[in-house]
Number of protein chains: 2
Amino acid sequence: MDMPISPAVHSRVTCSNCLLRNLCLPPGLSHRELECAEHLVSTRLRIRRGASLYRSGDAFKSLYAVWLGSLKSTTSSDDAREQVTGFHMTGDMVGFDGLGAGSHTSDVVALEDTEVCVFPYQRLEEVTSAVPALRQHLHRLMSRDIVRQQRLMLMLGGMHAHERLAGFLVDLADRFEARGYSGREFILRMTRAEIGSFLGLTLETVSRVMSQFLRDGLIDLRNVKQIRLADPGRLRRIAAGTDVAKTQGLGRAPDAHLRVLRPARTVAAARPEMAAEFA
Amino acid sequence: MDMPISPAVHSRVTCSNCLLRNLCLPPGLSHRELECAEHLVSTRLRIRRGASLYRSGDAFKSLYAVWLGSLKSTTSSDDAREQVTGFHMTGDMVGFDGLGAGSHTSDVVALEDTEVCVFPYQRLEEVTSAVPALRQHLHRLMSRDIVRQQRLMLMLGGMHAHERLAGFLVDLADRFEARGYSGREFILRMTRAEIGSFLGLTLETVSRVMSQFLRDGLIDLRNVKQIRLADPGRLRRIAAGTDVAKTQGLGRAPDAHLRVLRPARTVAAARPEMAAEFA
DNA sequence: CGCGCCTTTGAGGGCTTTCAAGAGAAGTGG
DNA sequence: CCACTTCTCTTGAAAGCCCTCAAAGGCGCG
């Protein structure tokens, strides 16, 4: 049931010709370094919609780069509770959660038929030790994951349903745009339930807010899944909490969550010269 | 109004004698490797309570290991909203958020007078390229950060106030215990407002739930800050959502947030032979 | 074409927030 | 050392946002 497209290379994946090279690899690699990088990827893996790339508890062996399609990752606590912790699309690196304990702590499932490039960690170790630029790039990718999750926590922590969904949509738009697709119109590969889980809302609330956005002319919908951001600016303002009128009930005070706690001043950057004195 | 900046401490820091060595450095380093590691830390830095180690926007130059004291890190969105994204205590590594973009995206502030060891990133780069064990350790630490945040997202996403606070307390207890302190009785260095911000609750709710726990004999309080977990087992059950009776209103259905979505099957671990199949 | 999953929409209730006030603790300066 | 200021914590009452429960329409798929 697969239609062969290119009579392509077989076992060997070639990064140098890959259109996504700038996403997985750092820019400006020398010829020699690029050659090293070639050895990073062993195979490409195909995951059918609904199948999982790995599951919580699986031994950590590789990192993966999304080559085609999209996935979600979910974490579940001791009890049955489960939550979507992220969506991954073309060019994203997946699997960092396994590095810590040697086994994965989350499940990663394909939202559609998907292909990923496999980076065996052992080989990654070897290559990154030789190529500083690659090592740095890897660190950058991990750090980006951390920062992204911090932003998400901000959403989950104190934002209203409207703000969360708006934030979700513009984030998605930005990521599509960064990959060369339209940031104005795209397809939501995930269900309302998955969006809700990701945002800490119920699927009903997601649906309701989506309808509200639709009524307010902020978005257009086609077939439920295809969405067009009719007013990205306002969506962005809503996400930032800067939108005064809001979409329904009038706004509340900008925050109040965390009143100023204490005066603060940076120490790390300042005066490393002042010496002496010990604890 | 400003706090006097404390004199930064410039002592020759020796990792080999450090009691916290097992937290910052991987176990089982050879003598030679340990010698390399010595070069990692340049100085120890002192931060007075309320002062910040670094702030959002500061250039990323170093990672820091908490040597004494405790800190919080906060992220703020475009608008004035601010949220605590983590608490750091002895042995924790801090600063990973800066690796991604080259500048920090969060603020880190001392909750009490604190000292941190400074790991200049450039030197870290050099040393880790030579010592694989150190490189791996660094990756592990970053990954652990990611996993920890995933757990936190689970809390913020769908848990009740009781469950969040219980989870917060037992997590804190575990961390103290892992560091050799009592996991039964410890001091909360952060305010209720900071706990609330971290958990996505208001300070009033934190206070209320804390009082509830007190009434139910789950904890003991002394001076508001000093806490003793009187019934850690039950706290753990509450955090996991396994506790039937709960502390007040009767429990609700275990979840319902994310009903089973699709059948799933792991692809990465299984049958690597059918991997190379091509698009 | 029918079944199942996803989505939408409504009504009611509950958990948290918001607003407010007072007690308690901590730091400051006389 | 104590009074003062300031911050933190506690507690109450009312309101609100979101969840839960329920039912029906839509869409894809076998």
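Residues numbered from 1 in each chain as written. Chains lettered and ligands numbered in written order. Predicted model: local features only at pLDDT ≥ 70, side-chain atom pairs only at ≥ 80, totals over all residues. Heavy atoms only, no water.

Q: It is not clear to me how the sheet that holds strand E10 (residues 219–222) of chain B should be interpreted in this structure. Could you clarify?
A: Strand-to-strand pairing in sheets goes through backbone hydrogen bonds, with the strands running parallel or antiparallel. Residues and elements named next belong to chain B. What the three strands build is an open sheet, ordered E9-E11-E10; its pairing is antiparallel. Taken across any chain shown, the strands that pair with only one partner, and hence form the sheet edges, are strand E9 (185–187) and E10. This sheet shows a mean twist of 20 degrees between the axes of neighbouring strands, independent of strand direction. Pairing between E9 and strand E11 (residues 226–229): three bridges, direction antiparallel. Bridge pairing in E11 places Glu 185 opposite Arg 228. Packed onto the sheet, helix H5 (residues 161–178) meets E9, E10 and E11 and runs at close to 100 degrees relative to E9. (Pairing = 2+ DSSP bridges. Helix = DSSP H or I, 4+ residues; strand = E, 2+ residues; numbered from the N terminus. Axes fitted to C-alpha atoms, helices over the stretch in contact; angles between N-to-C directions. Contact = heavy atoms within 4.5 Å.)

Q: Would you take a moment to explain the side chain of His 139 of chain A for this structure?
A: One can find His 139 of chain A in helix H4 (residues 132–158). Residue classification places His 139 of chain A among the buried positions, given a relative accessible area of 1%. In terms of polar contacts, His 139 of chain A uses its side chain to reach the side chain of Tyr 121 of chain B, at 2.8 Å. Other than its neighbours up to four places away in sequence, His 139 of chain A contacts Leu 99, Tyr 121, Glu 125, Leu 138, His 139 and Met 142 of chain B. (Buried < 20%, exposed > 50% of the residue type's maximum accessible area, 1.4 Å probe, protein only. Polar contact = N/O pair within 3.5 Å; in protein donor to acceptor, adjacent residues only side chain to side chain.)

Q: What should I look at first to understand empty space enclosed by the protein in this one?
A: Rolling a probe over the atoms, with the probe sized like a water molecule, indicates the empty space that remains. Residues and elements named next belong to chain A. Summed over the entire model, instances satisfying the criterion amount to seven cavities of 30 Å³ or more. Space inside the largest cavity adds up to approximately 100 Å³. Contributing to the lining of the largest cavity are 14 residues, with Cys 15, Cys 18, Cys 24, Val 41 and Cys 117 lying nearest its centre. Contributions of two or more residues to the lining of the largest cavity are made by helix H1 (21–24), strand E3 (62–68) and strand E8 (114–120). Element by element, the count of residues in the lining of the largest cavity is highest for E3, at three residues. The residue makeup of the lining of the largest cavity, split by class, is 11 nonpolar, one polar and two charged. (1 Å grid on protein atoms, 1.4 Å probe; cavity = no way out; pocket = protein on both sides within 12 Å on 5 of 7 lines; lining within 4 Å. Points joined across faces, edges and corners; volume = space filled by probe spheres on them. Nonpolar A, V, L, I, M, F, W, Y, C, P; charged D, E, K, R; others polar.)

Q: How should the pattern of salt bridges be read in this particular structure?
A: Where side chains of opposite charge bring their charged atoms close, a pairing between them can arise. If you walk through the whole model with that rule in mind, you get 26 salt bridges over all chains. The closest approach of N and O atoms between Arg 237 of chain A and Asp 243 of chain A, which form a salt bridge, is 3.8 Å. Where Arg 179 of chain B meets Asp 92 of chain B, a salt bridge forms, and the shortest distance between an N and an O atom there is 2.6 Å. Of this pair, Arg 179 of chain B sits in the loop between H5 and E9 while Asp 92 of chain B sits in the loop between strand E5 (82–89) and strand E6 (93–94), and the two are 87 residues apart along the sequence. Exposure remark for Asp 92 of chain B: the relative accessible area of 9% places this residue in the buried category. A network of salt bridges, in which partner residues are shared, links Asp 92, Arg 151, Asp 171, Arg 175 and Arg 179 of chain A. (Salt bridge = Lys/Arg side-chain N within 4 Å of Asp/Glu carboxyl O.)

Q: Honestly, helix H6 (residues 192–199) of chain B in this entry has me stumped. Any pointers?
A: Since there are 3.6 residues in each turn of an α-helix, residues three or four apart along the chain are aligned in direction. Residue and element names in this part refer to chain B. Counting buried residues in H6 gives eight out of eight residues, a clear majority hidden from the surface. Along H6, the residues that are buried comprise Arg 192, Ala 193, Glu 194, Ile 195, Gly 196, Ser 197, Phe 198 and Leu 199. For H6, the elements touching its buried residues are strand E4 (70–76), E5, helix H4 (132–158), H5, helix H7 (203–215) and E10.

Q: Looking at this structure, how should I read the environment of Leu 172 of chain B?
A: All names here are of chain B. Relative to the helices and strands, Leu 172 resides in helix H5. For Leu 172, a relative accessible area of 4% puts it in the buried group. Distance from Leu 172 to Ile 187, taken between C-alpha atoms, is 10.0 Å for residues 15 residues apart in sequence.

Q: What should I look at first to understand unusual backbone geometry in this one?
A: Its identity as a non-glycine residue notwithstanding, Val 224 of chain A has a phi of 75 degrees, on the positive side. Within the secondary structure, Val 224 of chain A sits in the loop between strand E10 (219–222) and strand E11 (226–229). The phi angle at Asn 223 of chain B is positive, at roughly 60 degrees, despite the residue not being glycine. In this structure, Asn 223 of chain B sits in the loop between E10 and E11.

Q: Whenever I open this one, the packing of aromatic side chains confuses me. Can you help?
A: In this description, a pair of aromatic rings is defined by centroid distance and the angle of the planes. Residue and element names in this part refer to chain A. Under the defined criterion, the tally for this structure stands at 14 aromatic pairs over all chains. Each ring, one from Phe 176 and one from Tyr 181, has its centre 6.3 Å from the other, and the planes form 80 degrees; the classification is edge-to-face. Using a relative accessible area of 47% as the deciding quantity, one classes Tyr 181 as partly exposed. An aromatic cluster of at least three residues, connected via ring pairs, comprises Phe 87, Phe 168 and Phe 198. For the cation-ring pair, Arg 44 lies above Trp 67, with the distance from its terminal atom to the ring centre recorded as 4.1 Å. (Phe/Tyr/Trp six-rings, centres within 6.5 Å; stacked < 30°, edge-to-face > 60°. Lys NZ or Arg CZ within 6 Å of the ring centre and 35° of its normal.)

Q: Can you help me understand the domain arrangement of chain A in this one?
A: For interface size, the figure often reported is the accessible area lost on association. All names here are of chain A. Domain assignment breaks chain A into domain 1 (5–131) and domain 2 (161–240). Here domain 1 and domain 2 have C-alpha centroids that lie 26 Å from each other. Domain 1 puts 15 residues into the contact, and the matching count from domain 2 is 12 residues. Here domain 1 and domain 2 share four salt bridges between them. Note that Asp 92 is salt-bridged to Arg 175, the shortest N-O span being 2.9 Å. Here domain 1 is connected to domain 2 by eight residue pairs in polar contact (both at pLDDT 80 or more). Residue assignment for the side of domain 1 that touches domain 2 shows that the elements contributing at least two residues are strand E4 (70–76) and strand E5 (82–89). (Domains from an automatic or database assignment.)

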